[in-house]
Amino acid sequence: MQNPATRFSTRAERVFCCQAYMTDPLNFDTLAVRAGTIRSEFGEHSEALFLTSSFVFENAAQAAERFQAQGEGFVYSRFSNPTVAMFQDRLAALEGAEACLATASGMSAILSLCLGTLKAGDHIVSSHSIFGATVQLFSTLLARFEISTTYVSSSQPEQWRKAVRPNTRLFYLETPSNPMAELGDIAALKEIARSAGCLLVVDNCFCTPALQRPIELGADVVIHSATKYIDGQGRVLGGAVLGSKSFIQDLIAPVLRTAGPSLSPFNAWVLLKGLETLGIRMERQSANALALAQWLESVPGVERVHYPGLTSHRQFELAKRQQSTGGAIVSFEVSGSDDEDKRARAWRIVDQCKLISITANLGDTRTTITHPATTTHGRVSAEARLVAGIGEGLLRIAVGLEDVGDLQEDLSRGLRA
Ligand SMILES: Cc1ncc(COP(=O)(O)O)c(C=O)c1O
């Protein structure tokens, strides 16, 4: 058998190099460990880490060719790198996307999307239930460049239709959202986006392709903060933009090449390792989250639990259609006489945690807890938090791989107090 690195000469062929030996399409778990692999002449089994900023050319003509992007080879790691390419191709295979470009973080993926698709005078319709820094990017930074945003509810497609203007270019949502676990019906929003002539963008950070594949449901573009479940062990930052080949090549690649929010090869290598275990982690962490959410529903002092896998979630039916599990994030609201009392009670639960880590990151094998109103969404205005339902009594738990009984015990101390 020929070495795939030499046998598959073009990038497109390499994407599915492992698949080319098979007669049937490969399944998710196989793609997660094998898709995109480029093997060098040394025959390494694990993916190589190409820690190099540039690549050498055989002669001046080849250098000129590569700079004109006519050749397939690598030039400079701001534009492309074999380890980063392996990560991109594997993630594209898992999302069912034609192409992917990796970025230095989730926020730089969103910024690259905006730089690649928007100009002064354009308009975004976005769910109001999105990550706090994304709200800041849309409302503060993009506003300085005369790009405006209208916020609507993910769960109310009619609001999206009404918010459309002639200059609307993007529909943007997270489903489920951070931290309220609000869902958007991707297929329904796609219909509205199509008639408005704009792109439907889904941040798939919470589900990952292991649980939900937005492109199959109608999304044009998928965004990832790979920092979260794709890494899975809280080690590195990373992000990705996925979509059609022409979208990625024509709109996003020039942003990466020129503005440089590129993923480092080292981080790409860590993320490749993360993808290998994505399926089993998401399955187990979702099961733990469901068990914890069901338990929280029975705890006195817990007013409401937000988890798409619970039958009490108002979008449970949509969650069943769109996702394979409820995911691994559980948010809940503690009761209290007023906002001050709610915050004090919520903070007490956080402060009593000895096992669960008090950190705003999520997607780790270690369970984490945060108080969104004063951390992840602390820079969002009080009015916007109110509209999104992020109150002072709300806590968000990103459930990891520990024993659920131990997690319950850890939370019980603060809940009892
Ligand atoms: C849903 C979502 N999207 C994007 C981001 C930003 O990702 P990063 O921290 O990798 O820039 C986050 C971070 O928490 C997030 O939760």
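Residues numbered from 1 in each chain as written. Predicted model: local features only at pLDDT ≥ 70, side-chain atom pairs only at ≥ 80, totals over all residues. Heavy atoms only, no water.

### Some details on helix α4 (residues 60-67)
For α4, every residue scored as buried is listed here: Gln62, Ala63 and Arg66. Along the long axis of α4, the arc covered by the buried residues comes to 105°, so they all point the same way. Every exposed residue of α4 that faces more than 90 degrees away from the buried side is listed here: Ala60 and Ala61. By the N-cap criterion, in which a side-chain oxygen at the helix start approaches the backbone nitrogen of a residue two or three places on, α4 is capped by asparagine 59, the distance to alanine 61 being 3.3 Å. (Buried < 20%, exposed > 50% of the residue type's maximum accessible area, 1.4 Å probe, protein only. Helix = DSSP H or I, 4+ residues; strand = E, 2+ residues; numbered from the N terminus. Arc of directions from axis to C-beta. Polar contact = N/O pair within 3.5 Å; in protein donor to acceptor, adjacent residues only side chain to side chain.)

### A short note on the nonpolar core
Core analysis: the biggest nonpolar cluster contains 38 residues, and Phe87, Leu91, Tyr229, Ile230, Leu242, Leu271 and Leu275 have the highest contact counts within it. The residues that make up this core include at least three from each of domain 1 (4-276) and domain 2 (280-416). Beyond its immediate chain neighbours, meaning those up to four positions away, phenylalanine 87 contacts Ala102, Ala226, Ile230, Gly239, Leu263, Ala268, Leu271, Leu272 and Leu275. (Core = buried A, V, L, I, M, F, W, Y, C linked by side-chain atoms within 4.5 Å. Domains from an automatic or database assignment. Contact = heavy atoms within 4.5 Å.)

### As for the domain arrangement of the protein
When cut into domains, the protein gives domain 1 (4-276) and domain 2 (280-416). Once you take the C-alpha centre of each, domain 1 and domain 2 turn out to be 28 Å apart. With 37 residues of domain 1 at the interface, the matching set in domain 2 holds 38 residues. For the pair domain 1 and domain 2, the summed buried area comes to about 3,000 Å², and 57% of that belongs to carbon and sulfur atoms. A per-residue breakdown of the area domain 1 buries against domain 2 is headed by Met180, Leu211 and Tyr229, which together make up 25% of the total. Residue glutamate 182 pairs with arginine 314 through a salt bridge whose shortest N-O separation is 4.0 Å. Taken together, the links from domain 1 to domain 2 amount to 15 residue pairs in polar contact (both at pLDDT 80 or more). (Buried area = accessible area lost by both parts, 1.4 Å probe. Salt bridge = Lys/Arg side-chain N within 4 Å of Asp/Glu carboxyl O.)

### Concerning the environment of alanine 32
Residue placement: alanine 32 occurs in helix α3 (residues 28-34). Residues alanine 32 and leucine 278, spaced 246 residues apart in sequence, show a C-alpha to C-alpha distance of 7.4 Å.

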